[in-house]
Amino acid sequence: MSDVRSSVMGGSYARPADASARIQFRRALTLTAMTLVMPGSAQLVMGSRKVGRIAVRIWLGFLALGAFLLFLSMTSRTGLFSLMTNPRLLTVGRYVLMAGAIAWVALIIDAWRLGQPLKMARNHRLWMTGLNGVLCFVTAGTMFFAAHLVAVQSSFIGTVFASDTVSHPEDGRYNILMLGGDSGPDRSGLRPDSLTVASIDKDTGRTVLIGLPRNLQNVPFPKGSVMDKQFPHGFNGEGQYLNAINTWANDHAELFGEKAPGLDATMGAVEEITGLKLNYYALVNMHGFSKLVDAVGGVTIDVKERTAIGGIGSPIRGYIPAGTHKLTGDQTLWYARSRVQNDDWSRMGRQKCVMNAMLKQLSPQKVLLNVEKIADSGKALLTTNIPQQDLDVFMNLALKAKNEKVSTVSLVPPLIYTGSPDFDKVRRVIDEAVAKAEGKSTTKVGITQATLSVPKTDDTSNDPRKANQSADLDAAC
């Protein structure tokens, strides 16, 4: 009779030890799952209720914080970015993540203890020990890695954005001087061969890129400045081009009494040339730029013309063929700076296309996944006086700019003769470009579209110079 009952009941009473082992195993799995989903819940059920209550309250606090950040991301991106770039909050967040990792691991281990592993069957005990070990490793590893990324971000912000002087927008726009610095054994000092002013609408992010040729001559300076006293008739000596101002001022630093006389002198000159009040500068080291491109996995560019790799102070060591390609950091660097078998105007157009490609292709997800590499390259890449307090503003503007057309105007022939520039015309052209970008009437400045047109070439469809004067850089590139 007992055999019949055992067979009918499926053996559930035939081997009470097996049934008990399965129940014990399920209980242990449940306690571990509870701890994974809501740390402290296992302790509330079977362990120390005081520990459980504290852990659950802390976990609910984290969930509330996450909900708040999600709400902030939907209502005020600037507010979210402000929290993400606040060095004190980053420091606190780092230590909270580290403490949370340790506490979570402790709760998982305690949940394993509450499951009474010594009462389990041997194979169940091995499974639970392995599972808890993996969960401890994954949870602690994830949170410690997050703490590490927070530390990297905090270090990067503190190193690069060390200024504490905030500059407010002028006429509703931020004007940033971007310089591409290139130094080496074959040249004196660091010469910014790439000079571009990014004029950004503070509300929409609509951007106008204003390219200034490195060989612009007779450059004026602000009245009463040190450079104006030294060069009252403009910077017009032998080899005294716009890109040489930085080196000259640094070589005569005793005249200025400033920390960065070269950059200050260059910014003053650019303000006189363009008629724009500059808020900040960002000096990009060319070789650091190559590392940045590699850090984000390359950049896809429609290469308009075959471009030499090398040839500036070194032999040509290859070419970037025409066509759409995903370029490495080294290739992108040379596409932006090469002028071997091309000219300066072609190079300026290519530089604008590279800037536009980086703006469009650098998504928040890509930045997040490569934050450590970007931070490491950024320290070698960027020197700027943008303060930490304004980082949230520019992060938000960058996201807005991704969805807006980028306009360009470059002070190149035939629009502007670089050997003897008409600076009144330069300022009118810039006023025109900014007014068009803002959707305002442009008749007041008296510059026609024909005046702004790209120089004629045999094959304008593949001429990178057309990016120098364009109301839509996407279309030109």
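A brief report on the enclosed structure follows. Please read these numbers as outputs of a predicted model, since none were measured by experiment.

## Some details on the overall build of the chain
Consideration 1: In terms of regular secondary structure, the chain is built from 18 helices and 10 strands.
Consideration 2: Pairs at least 24 residues apart make up 69% of the contacts formed inside the chain by residues separated by at least 6 positions.

## Comments concerning the packing of aromatic side chains
Consideration 1: Under the defined criterion, the tally for this structure stands at eight aromatic pairs.
Consideration 2: Relative to phenylalanine 161, the ring of phenylalanine 156 lies with its centre 5.9 Å away and its plane at 85°, an arrangement referred to as edge-to-face. Both residues of the pair, phenylalanine 156 and phenylalanine 161, belong to the buried class.
Consideration 3: Summarising the aromatic geometry, the rings of phenylalanine 221 and phenylalanine 235 are spaced 6.0 Å apart at their centres and angled 85° between planes, so their arrangement reads as edge-to-face. A residue pair is termed long-range when its members are at least 10 positions apart, and phenylalanine 221 in the loop between strand S3 (207–212) and helix H8 (226–230) and phenylalanine 235 in the loop between H8 and helix H9 (245–251) qualify at 14 residues. Just as phenylalanine 221 is buried, phenylalanine 235 falls in that class too.
Consideration 4: Of the aromatic side chains, those joined through ring pairs into one cluster are Phe221, Phe231, Phe235 and Trp248.
Consideration 5: In this structure, arginine 337 is placed above the aromatic ring of tryptophan 334, and the distance from its NZ or CZ to the ring centre is 4.4 Å.

## With respect to the state of the cysteines
Consideration 1: Enumeration over the complete set of coordinates arrives at one disulfide.
Consideration 2: The disulfide partner of cysteine 353 is cysteine 477, and the S-S distance across this bridge is 2.0 Å. Looking down the S-S bond of the cysteine 353 and cysteine 477 bridge, the torsion is -90°, so its handedness is left-handed. One end of the pair, cysteine 353, is in helix H13 (residues 344–361); the other, cysteine 477, is in the segment after helix H18 (473–476), with 124 residues separating them in the sequence.

## With respect to the nonpolar core
Consideration 1: By size, the foremost hydrophobic cluster in this structure holds 40 residues, and its most contacted members are Leu212, Met227, Phe235, Leu242, Ile245 and Ile273.
Consideration 2: Only strand S1 (173–182), strand S2 (191–201), S3, H9, helix H10 (261–274), strand S4 (280–285) and helix H17 (423–437) provide two or more residues apiece to this core.
Consideration 3: Sort the elements by how many residues they give to this core and H17 lands first, with seven residues.
Consideration 4: The contacts of isoleucine 273, once residues within four sequence positions are left out, are Leu212, Leu216, Val219, Pro220, Leu242, Leu411, Phe423, Val426 and Arg427.

## A word on the environment of glycine 323
Consideration 1: Looking at the element boundaries, glycine 323 is found in strand S8 (residues 323–327).
Consideration 2: Along the sequence, glycine 323 and arginine 306 sit 17 residues apart, while their C-alpha atoms lie 8.7 Å from each other.

## Observations regarding the side chain of aspartate 390
Consideration 1: For aspartate 390, the position within the fold is in the loop between strand S9 (382–384) and helix H16 (391–401).
Consideration 2: Summary of buried charges: aspartate 390 has no salt-bridge partner, and the nearest side chain of opposite charge, lysine 202, is 12 Å away.

Criteria and cut-off values
- Residues numbered from 1 in each chain as written.
- Predicted model: local features only at pLDDT ≥ 70, side-chain atom pairs only at ≥ 80, totals over all residues.
- Heavy atoms only, no water.
- Helix = DSSP H or I, 4+ residues; strand = E, 2+ residues; numbered from the N terminus.
- Contact = heavy atoms within 4.5 Å.
- Phe/Tyr/Trp six-rings, centres within 6.5 Å; stacked < 30°, edge-to-face > 60°.
- Buried < 20%, exposed > 50% of the residue type's maximum accessible area, 1.4 Å probe, protein only.
- Lys NZ or Arg CZ within 6 Å of the ring centre and 35° of its normal.
- Disulfide = S-S within 2.5 Å.
- Core = buried A, V, L, I, M, F, W, Y, C linked by side-chain atoms within 4.5 Å.
- Lys, Arg positive; Asp, Glu negative; His and termini not counted.
- Salt bridge = Lys/Arg side-chain N within 4 Å of Asp/Glu carboxyl O.

Honestly, that's just the spatial picture; any functional story needs more than this.
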